[in-house]
Amino acid sequence: MNILGIETSCDETSASVVQDGRTILSNVIASQIDLHAKTGGVVPEVASRQHVSQINGVLAEALAAANLGWPDLDAVAVANRPGLLGALLVGVSAAKAIAYARRIPLLAVHHIEAHIYANWLVNPQIAFPVVCLVASGGHSEIFLVRGHGDYMILGRTRDDAAGEAFDKSARLLGLPYPGGVSIDRIAREGRGNPKAIALPRAALGPASLDFSFSGLKTAVGAAVRASASQPLSLPDWAASVQEAIVDALVAKTLRAAEQHNIAHVLMAGGVAANSRLQEAMQAACAQAGLRLTVPPPRLCTDNAAMIACAGFYHWQAGQIDGLDIDTLGSEALA
Ligand code: KG4
Ligand code: ZN
């Protein structure tokens, strides 16, 4: 069962062929990072136009890298929600054209569900129930996953997403886009001291599983202004910001697993690629006797292999979509 996955929801144009929901035959990712670095963030119209110019080449490359032709595809899966509408439309139009021309099933996938499914590319035998932390540029949520396609939201951010907190703080520190990647690298390579700058952690009550990162951004801005006369080292800044975000993500995820008596924790989304988050989550899970699965960095950030993988489980459940599927800017997974 060869599924072609297509992802164009934000700033990566990606196509991938995944066999039987587990074997990645190809995963081509054309990043727009250099383009958006010029503006310090994604300009939706610029992203859409870039997807248009890249999609056909990326699709051809994904087939060539998998050593397959169009007749070898059994289904096409595409992210149709949530995301930038113009960007999503590029992938969805391509997927509809392929499904129509090849007479193969079309599978519409929720982008956040696909991030969660990146874990099944690492371990197809994951036993339910599990808790999954999804931390990306637009999302910070903790899900209880009770079965394939069965999600219950346990916690969510009340304001900024974790990736947004990384990106906005990095901007205040004058670090290049995407900020999360810059902060991770500078903190690690410069051996920054995570206790150098005191920054807030919003607890939101002893049992809460929600996040709040907007106070952190305000505190970073204030601390940057206050230290203007005696600048501190960038690695120390990066490590301090990173630790504040990581502390909240680890504490709430562990609390969620404890409250719901879950033995296996998953991570997903671009922020899950953060080296300090992986280290801290691993240590916390080991101490609590929990198992942790984290996809490799290339499967944490946006990619089409995760779309094809999620599509496989839709197909297995008989969830086939029609050519009339729409794109949606926002839709909660649960
Ligand atoms: O999942 P993703 O690729 O796209 C969305 O669906 O949003 O996540 C992008 C986010 C950005 O905010 C980026 O700064 C962050 O993930 N990110 C990281 C790292 N790599 C990507 N944040 C911290 N450390 C990283 N290594
Ligand atoms: Zn994403």
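For the structure itself, look to the data block above.
The present account deals with the structure reproduced in this document. (Residues numbered from 1 in each chain as written. Chains lettered and ligands numbered in written order. Predicted model: local features only at pLDDT ≥ 70, side-chain atom pairs only at ≥ 80, totals over all residues. Heavy atoms only, no water.)

Things to note about the layout of surface pockets
Taken as a whole, the second largest pocket holds about 180 Å³ of empty space. Contributing to the lining of the second largest pocket are Asp184, Ala187, Arg188, Arg191, Gly192, Pro194, Ala239, Gln242, Glu243, Ser275, Arg276 and Glu279. Only α6 (179–189), α8 (234–259) and α9 (275–288) provide two or more residues apiece to the lining of the second largest pocket. Tallied by class, residues from the lining of the second largest pocket come to three nonpolar, three polar and six charged. (1 Å grid on protein atoms, 1.4 Å probe; cavity = no way out; pocket = protein on both sides within 12 Å on 5 of 7 lines; lining within 4 Å. Points joined across faces, edges and corners; volume = space filled by probe spheres on them. Helix = DSSP H or I, 4+ residues; strand = E, 2+ residues; numbered from the N terminus. Nonpolar A, V, L, I, M, F, W, Y, C, P; charged D, E, K, R; others polar.)

Remarks on the packing of aromatic side chains
To describe a pair of aromatic rings, you give the distance between the ring centres and the angle between the ring planes. By the definition in use, this model includes seven aromatic pairs. Taking the centre distance of 5.0 Å and the plane angle of 45 degrees together, the rings of Tyr117 and Trp120 count as tilted. Separated by three residues within a single helix, Tyr117 and Trp120 lie in helix α4 (residues 111–122), roughly one turn from each other. The two residues Tyr117 and Trp120 agree in class, both being buried. Taken together, a centroid distance of 6.3 Å and an interplanar angle of 70 degrees make the contact between Phe143 and Tyr151 edge-to-face. (Phe/Tyr/Trp six-rings, centres within 6.5 Å; stacked < 30°, edge-to-face > 60°. Buried < 20%, exposed > 50% of the residue type's maximum accessible area, 1.4 Å probe, protein only.)

Examining helix α2 (residues 44–66)
Turn by turn, an α-helix covers 3.6 residues, leaving residues three or four places apart pointing in a common direction. For α2, spanning 23 residues, the distance from its first C-alpha to its last is 30 Å, which sits close to the expected 33 Å at 1.5 Å a residue. A bend of about 45 degrees at Gln54 is the largest found in α2. For α2, the set of buried residues is Ala47, Ser48, His51, Gln54, Ile55, Val58, Leu59, Ala62, Leu63 and Ala66. Considering only its buried residues, α2 is in contact with β1 (2–7), β2 (12–19), β3 (23–31), α1 (33–37) and α3 (85–102). Backbone geometry just downstream of α2 places Asn67 in the positive-phi region, at approximately 65 degrees. (Expected span 1.5 Å × (residues − 1). Bend = angle between axes of the 7 residues up to and from the residue. Contact = heavy atoms within 4.5 Å.)

A look at the state of the cysteines
A covalent bond between the sulfur atoms of two cysteines is referred to as a disulfide. Taken as a whole and judged by the stated rule, the model has zero disulfides. Counting only cysteine sulfurs, Cys300 is the nearest neighbor of Cys10, a cysteine outside any disulfide, at a range of 16 Å. Counting only cysteine sulfurs, Cys132 is the nearest neighbor of Cys285, a cysteine outside any disulfide, at a range of 12 Å. Using a relative accessible area of 0% as the deciding quantity, one classes Cys285 as buried. (Disulfide = S-S within 2.5 Å.)

A closer look at the site of ligand 1
In the vicinity of ligand 1 there are 20 residues, among which Gly137, Asp167, Asp184, Gly270 and Asn274 approach most closely. Between ligand 1 and His111 there is a distance of 3.2 Å, counted from an oxygen atom to a side-chain nitrogen or oxygen. Between ligand 1 and Asn274 there is a distance of 3.0 Å, counted from a nitrogen atom to a side-chain nitrogen or oxygen. A total of 550 Å² of accessible area belongs to ligand 1 in isolation, and the protein chains cover 88% of it. Looking at the shell around ligand 1 residue by residue, the classes come out as six nonpolar, eleven polar and three charged. (Near = heavy atom within 4 Å. Polar contact = N/O pair within 3.5 Å; in protein donor to acceptor, adjacent residues only side chain to side chain. Areas by Shrake-Rupley, 256 points an atom, 1.4 Å probe, with all protein chains shown as cover.)

Quick notes on the coordination of the zinc ion (ligand 2)
Looking at the metal site, the zinc ion (ligand 2) is ligated by His111 (NE2), His115 (NE2) and Asp302 (OD), spaced 2.0 to 2.1 Å from it. Note that the zinc ion (ligand 2) binds four donor atoms; their angles at the metal cover 94 to 138 degrees, and the shape is irregular. Between consecutive donor residues of the zinc ion (ligand 2), the sequence gaps follow H-x3-H-x186-D. Here His111 pairs with His115, and both are found in helix α4, just four residues apart, close to one helical turn. For the pair shown, His111 and His115 are each scored as buried. (Donors = N, O, S within 2.8 Å, 3.2 Å for Na, K, Ca; no water. Tetrahedral: all angles 85-135°; square planar, octahedral: opposite > 155°, others 65-115°.)

Observations regarding the side chain of Glu113
Examined against the element boundaries, Glu113 turns out to sit in helix α4. Of the buried charged residues, Glu113 lacks a salt bridge, with Arg81 as the closest side chain of opposite charge at 5.4 Å. A distance of 2.8 Å separates polar atoms of two side chains, one belonging to Glu113 and the other to His314. Discounting residues that sit within four places of it in the chain, Glu113 has contacts with Gly149, Tyr151, His314 and Leu333. (Lys, Arg positive; Asp, Glu negative; His and termini not counted. Salt bridge = Lys/Arg side-chain N within 4 Å of Asp/Glu carboxyl O.)

Examining the sheet that holds strand β6 (residues 130–135)
Strand order across the open sheet formed by five strands is β8-β7-β6-β9-β10, with mixed pairing between neighbours. Each edge of the sheet is formed by a strand with only one pairing partner; in this case those strands are β8 (150–156) and β10 (291–293). Strand-to-strand twist of the sheet, defined as the mean angle between neighbouring strand axes without regard to direction, takes the value 25 degrees. Pairing between strand β7 (residues 140–147) and β8: six bridges, direction antiparallel. (Pairing = 2+ DSSP bridges. Axes fitted to C-alpha atoms, helices over the stretch in contact; angles between N-to-C directions.)

Focus: the packing of α2 against α3
Helix packing geometry: the angle between the two helix axes and the distance between the axes. In the contact formed by α2 and α3, the axes pass within 8 Å of each other and the chain directions differ by 30 degrees. Accordingly, the angle class assigned to the pair α2 and α3 is roughly parallel. Along this stretch, α2 crosses α3, giving a crossing that reads as right-handed. Side by side, α2 and α3 meet where Ser48, His51, Val52, Ile55 and Leu59 of the first sit next to Gly86, Ala87, Val90, Ala94 and Ile98 of the second. Here the residues of the contact of α2 with α3 are counted per class, giving seven nonpolar, three polar and no charged. (Parallel < 35°, antiparallel > 145°, perpendicular 65-115°, else oblique. Left-handed = near helix turned anticlockwise from the far one by under 90°.)

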